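Chain by chain, the residues:
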Amino acid sequence: MSDPTPRKRLRSEIWFNDLSRLDETAIYLERYGNFGLTRTELQAGRPIIGIAQTGSDLTPCNRIHMELAKRVRDGIRDAGGVAFEFPVHPIQESCRRPTAALDRNLAYLGVVEILCGYPLDGVVLMTACDKTTPALLMAAATVNMPAIVLSGGPMIDGYFKGKLAGSGMALWEARRMYQAGEIEMTELMDIVFASAPSAGHCNTMGTALSMNSLAEALGMSLPGCAAIPAPYGERGAIAYSTGVRAVAMVHEDLTPSKILTREAFENSIYVCSAIGGSTNCPPHINAIARHIGVELDVKEWETIGHEVPLLVNCQPAGEHLGEAYHRAGGIPAVIGELIRAGKFNPGAMTVNGKTMGENHAATQSSNLDVIRPYAKPLMAHAGFLVVGGNLFDSALVKTSVISKDFEKRFLSTPGDEDCFTARVIVFEGPEDYHNRINDPALEIDETCMLVVRGAGPIAYPGAAEVVNMTPPDYLVKQGVRMLPCMGDGRQSGTSDSPSILNASPEAAAGGNLALLATGDRVKVDLKNRRVDVLISDEELAARRAKYVAPEIVNNSPWQELYRANVGQLETGACLDFAVKYRDLRKVVPRHSH
């Protein structure tokens, strides 16, 4: 007996199967036949699944997706769907100038328009290098059609002279070694190339591995997806499973709004602390939350996450790299530990149609050195601190990368632990820093703090990863590898530099960081979450009255549009006008002819 339940009409049928406007339907169908698709495929009520392709020659960290898309297509086809692959604006962290962050919102806009304006019922989001992950999730949140994340995976472990060489982190250390005169330029290049041994994104817990881990923690990818190294056969297998699942999600109408709940965002903060995640995660996660309509304040990264211990022993906060992280159990093992410790919301829904608790209540680490038990962590309190004061409203401090040496030099004064006061050296952007860092007239010593401004979303534009500044050559040669740094820009998630960053509002948006002068003394009080320049309010007001903002020059139409509409890092650096748009899949677009 046939099922009397009528088939639910798909969104794609507004284009391909509108019998009331056959003249328009004919137009929409016509050109898709020119590469072999048939009317039967397009008009049989089979879900049309988009594949948001971020891989290209310009984006080597995502290039694996050019192959993985074939397995996604296989899964979609075998599940009864039809795959439509489309390109996403490229975002390459290490090569895009002035910064890849400039293009996160541009890619977001492009994907929103594709999902709204084309005959798609669901979408596979192919993420990898860090900005692609939030860009695609932001778009999925805005449109709210069934969506599932397929991350590209980290590179296999890199080695140089028998020692692990983590991507990104090896670069920062090699640059310090070069400054100290310990290696030549050729060896610097050799170290850097050794740290990127295969297809995939960073194998350290940089922003890419952090954000793809958080995509899984949010429930937006299949369990175990985030950490599978790009070259592994498992990566192709989960690509196939993702394609299969995308079709089922359309039939179930399992949309981002049912997954990206308040509980899911809390889970992402718990996991970020446990993995030693990047300081770039708060702006990205807060941006996704704003686009789906969930309230998430930057200060909650501390109130929810600070007391969560560091469980994952992965560079830059630990020793291992992505392969060991995956083999120890990846995000499922981390979530299992957090659930048992009561630091996770097990009822949150996931893309496989089950809750986090159903998926992970019993999952455990298979290597207790790489993913530690909750009771035996690498660090007791590993989340971010959120600090404020008379220079800015909020900034982040990543506690998991504070080394013993740094703690001894700056945070161990008897009776005044976790506090220090430093003379600041102020740079007007990274160019000024590189030009003057070795100027003896600055008299930089091992007690100073380096400050960079003009590096935020408006000023740069896009907010550059430049706050992790290295001391002058003569200090590095003396063994001073790090000084405290502060700025209104960001820093690489692969950096092990303890910094005060993402300062909001930035100098260009009226923040008092614009008024700081070289030679000022700044007190950092982590106990009370304060950072203050030690001058009077009257002096600050006098400086403000005399302040002349530097001219901002746009070098492209997009830069002008971006600067006119972007918000600050503490609220996600979104295009503020865009966050009011929700559930756009329900909008029936006008006919094109």
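Before any of the text, the structure's been laid out above.
Residues numbered from 1 in each chain as written. Predicted model: local features only at pLDDT ≥ 70, side-chain atom pairs only at ≥ 80, totals over all residues. Heavy atoms only, no water.

Tell me about a nonpolar patch on the surface, residues and numbers included.
Side chains of Tyr178, Met185 and Met189 sit close together on the surface and give an oily, nonpolar patch of about 280 Å² of accessible area. With respect to the helices, strands and loops of the structure, Met185 is situated in helix H8 (residues 185-194). Among the residues examined, Met185 registers a relative accessible area of 37% and is labelled partly exposed. (Patch = residues over 30% accessible without salt bridge, like charges linked within 9 Å, V, L, I, M, F, W, Y side chains within 5 Å. Areas by Shrake-Rupley, 256 points an atom, 1.4 Å probe, with all protein chains shown as cover. Salt bridge = Lys/Arg side-chain N within 4 Å of Asp/Glu carboxyl O. Helix = DSSP H or I, 4+ residues; strand = E, 2+ residues; numbered from the N terminus. Buried < 20%, exposed > 50% of the residue type's maximum accessible area, 1.4 Å probe, protein only.)

Give me the lowdown on the environment of Val294, citing residues and values where you can.
Tracing the sequence through the fold places Val294 in the loop between helix H13 (281-292) and helix H14 (300-303). Owing to a relative accessible area of 14%, Val294 belongs among the buried residues under this scheme. Along the sequence, Val294 and Ser504 sit 210 residues apart, while their C-alpha atoms lie 21 Å from each other. Residues contacting Val294, with those up to four places away along its chain left out, are Leu260, Thr261, Arg262, Phe265 and Ala289. (Contact = heavy atoms within 4.5 Å.)

Please set out the sheet that holds strand E8 (residues 394-398) residue by residue, giving values where relevant.
With mixed pairing, 8 strands are arranged side by side in an open sheet as E7-E8-E12-E11-E10-E9-E13-E14. Where the open sheet ends on each side, the last strands, each with one partner, are strand E7 (384-387) and strand E14 (530-533). For this sheet, the mean angle separating the axes of adjacent strands, direction not counted, is 25 degrees. (Pairing = 2+ DSSP bridges. Axes fitted to C-alpha atoms, helices over the stretch in contact; angles between N-to-C directions.)

Describe the state of the cysteines, and please don't skip the residues or the numbers.
Inspection of every chain in the model, using the stated rule, returns 0 disulfides. Its sulfur unpaired, Cys448 is 11 Å from the next cysteine sulfur, which belongs to Cys485. Cys448 gets classed as buried once you look at its relative accessible area, which sits at 0%. (Disulfide = S-S within 2.5 Å.)

So what's going on with the pattern of salt bridges? Which residues, and what values?
Opposite charge on two side chains permits them to pair, given that their charged atoms come into close proximity. With the rule as written, the count across this model stands at 38 salt bridges. When the shortest N-O distance is used, the salt bridge between Arg543 and Asp520 registers 2.7 Å. Pair noted here: Arg543 is in helix H21 (residues 537-546) and Asp520 is in the loop between strand E12 (499-504) and strand E13 (521-525), with a separation of 23 residues, a long-range link. In this structure Asp520 comes out as buried when scored by relative accessible area, which is 9%. Through salt bridges with shared partners, a single ionic network connects Lys8, Asp253, Lys258, Asp583, Arg585 and Lys586.

I'd love a proper account of the packing of aromatic side chains, names of residues and values included.
Per the stated rule, a full pass over the model turns up 7 aromatic pairs. One aromatic cluster is present, built from ring pairs that chain together Phe16, Tyr32 and Phe84. (Phe/Tyr/Trp six-rings, centres within 6.5 Å; stacked < 30°, edge-to-face > 60°.)

Please give an account of the pairing of E7 that cites residues and values.
Taking every second residue as pointing to the same face, both faces of E7 are buried, with Phe384 and Val386 on one and Leu385 and Val387 on the other. As paired elements, E7 and E8 share 4 bridges and run antiparallel to each other. Bridging from a neighbouring strand, Val386 pairs with Leu396 of E8. Connecting the antiparallel pair E7 and E8 is a turn made up of 6 residues, with Gly389 showing a positive phi of about 160 degrees.

Could you give an account of helix H2 (residues 22-30), naming the residues involved and the relevant values?
Among the residues of H2, Glu24, Thr25, Tyr28 and Leu29 are the ones counted as buried. All buried residues of H2 fall inside an arc of 135 degrees around its axis, so they share one side. (Arc of directions from axis to C-beta.)

An account of helix H16 (residues 330-340) is requested, with residue identities and associated values reported.
Structurally, the α-helix is built with 3.6 residues per turn, so residues lying three or four positions apart point the same way. For H16, a buried count of 10 out of 11 residues is recorded, marking the element as mostly surrounded by other parts of the structure. Buried within H16 we find Gly330, Ile331, Pro332, Ala333, Val334, Ile335, Gly336, Glu337, Leu338 and Ile339. Residues of H16 that are buried sit in contact with helix H9 (207-217), helix H12 (262-275), helix H15 (322-327) and helix H17 (356-360). One or two positions beyond H16, positive phi appears at Gly342, with a value near 75 degrees.

Report on the sheet that holds strand E3 (residues 122-127), specifying residues and quantitative values.
Taking strand neighbours across the sheet as the criterion, the 4 strands line up as E2-E1-E3-E4 in an open arrangement whose pairing is parallel. The outermost strands of the open sheet, each flanked by one partner alone, are strand E2 (82-87) and strand E4 (147-151). For this sheet the average axis-to-axis angle between neighbouring strands, irrespective of direction, equals 25 degrees. As judged from the 4 bridges shared by strand E1 (residues 48-53) and E3, these two strands associate in the parallel manner. Across the sheet, residue Ile49 finds its bridge partner in E3, namely Gly122. Against the sheet, helix H6 (residues 132-143) contacts E1, E3 and E4, and its axis sits at roughly 165 degrees relative to E3. With respect to the sheet, helix H10 (residues 233-252) is in contact with E1, E3 and E4, its orientation differing from that of E4 by roughly 175 degrees.

Give a detailed account of unusual backbone geometry, specifying residues and quantitative values.
Note the cis peptide between Gln315 and Pro316, where omega equals 10 degrees. Take Pro316: it is sitting in the loop between H14 and H15. Omega for the peptide link from Tyr460 to Pro461 comes to 0 degrees, which places this bond in the cis form. Looking at where Pro461 falls in the secondary structure, it is placed in the loop between strand E10 (449-453) and helix H20 (473-477). Positive phi is not limited to glycine here, since Ala463 has a value of about 75 degrees. Structurally, the position occupied by Ala463 is in the loop between E10 and H20.

Describe in detail the packing of H12 against H16, supporting the description with residues and values.
Where H12 contacts H16, the axes come no closer than 10 Å and their chain directions differ by 110 degrees. Considering the angle they form, H12 stands roughly perpendicular to H16. Along its contact with H12, which presents Tyr270, Val271, Ala274 and Ile275, the element H16 presents Ile331, Val334, Ile335 and Leu338. Residues of the contact of H12 with H16, tallied by class, amount to 8 nonpolar, no polar and no charged. (Parallel < 35°, antiparallel > 145°, perpendicular 65-115°, else oblique. Nonpolar A, V, L, I, M, F, W, Y, C, P; charged D, E, K, R; others polar.)

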